[in-house]
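Observations on the model geometry
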Amino acid sequence: MAMKTVWFDFENTRDTPVELVMEPWGMPYTVQPGGRLDIACEGPEEGELHVERHAKGHVTLFAWAGATYRVLEGGKEVDANDLPVPGMPPGVSAKRMVETLFGSFEQRRAMRDEPED
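A brief structural summary.

Conventions we followed
Residues numbered from 1 in each chain as written. Predicted model: local features only at pLDDT ≥ 70, side-chain atom pairs only at ≥ 80, totals over all residues. Heavy atoms only, no water. Helix = DSSP H or I, 4+ residues; strand = E, 2+ residues; numbered from the N terminus. Rg over C-alpha atoms; globule rule 2.2 N^0.38 Å. Buried < 20%, exposed > 50% of the residue type's maximum accessible area, 1.4 Å probe, protein only. Contact = heavy atoms within 4.5 Å. Areas by Shrake-Rupley, 256 points an atom, 1.4 Å probe, with all protein chains shown as cover. Lys, Arg positive; Asp, Glu negative; His and termini not counted. Charge placed at Lys NZ, Arg CZ, Asp CG, Glu CD. Pairing = 2+ DSSP bridges. Axes fitted to C-alpha atoms, helices over the stretch in contact; angles between N-to-C directions.

Tallying secondary structure elements over the protein gives 2 helices and 8 strands in all. Going residue by residue from the N terminus, the α and β elements of the protein occur as β-β-β-β-β-β-β-β-α-α. The C-alpha atoms of the protein give a radius of gyration of 14 Å, which matches the 13 Å a tight globule of 117 residues would have. Along the longest, intermediate and shortest principal axes, the C-alpha atoms of the protein span 45 × 35 × 20 Å. Counting every position in the protein, which comprises 117 residues, the buried fraction comes to 40%. Intrachain contacts of the protein at a sequence separation of at least 6 include 56% that bridge at least 24 residues. Split by element, the accessible area of the protein, about 7,000 Å² in all, is 52% carbon and sulfur. In the protein, 12 positive and 21 negative side-chain charges are present, and the distance between their average locations comes to 3 Å.

Our next topic: the sheet that holds strand β1 (residues 3-11). Read from one edge of the open sheet, 4 strands run β1-β4-β7-β8, paired in antiparallel fashion. Looking at which strands have only one partner, the edges of the open sheet turn out to be β1 and β8 (76-81). Across the sheet, the mean angle from the axis of one strand to that of its neighbour is 20°, orientation sign disregarded. Across 5 bridges, strand β7 (residues 68-73) lies against β8 in antiparallel orientation. Paired with Arg70 across the strands is Ala80, a residue of β8.

As structure tokens, then:
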């Protein structure tokens, strides 16, 4: 099976921190103002990385079936997840799976213990 790597390079140009979440793992990363994270997702060639930008400084990345990821900061690996996204039925994306199991972005944010800004 042919594999590919998709890069998502994120630089926070805001005055406040931005939360970047890797799904379906649910791993949050905080990017401080002026900070940068480079995400490398690797998986089967037929998959795609889906990016959603939300209000109040939140970005969600949804990897595809069979993909894993690495997080780099300043060119150095700071985190990685070698557990691949599980296979899904035809037509079901990681985004759809997460939202079916855990609700929309707004519902997931509302379940957190953190106070809203």
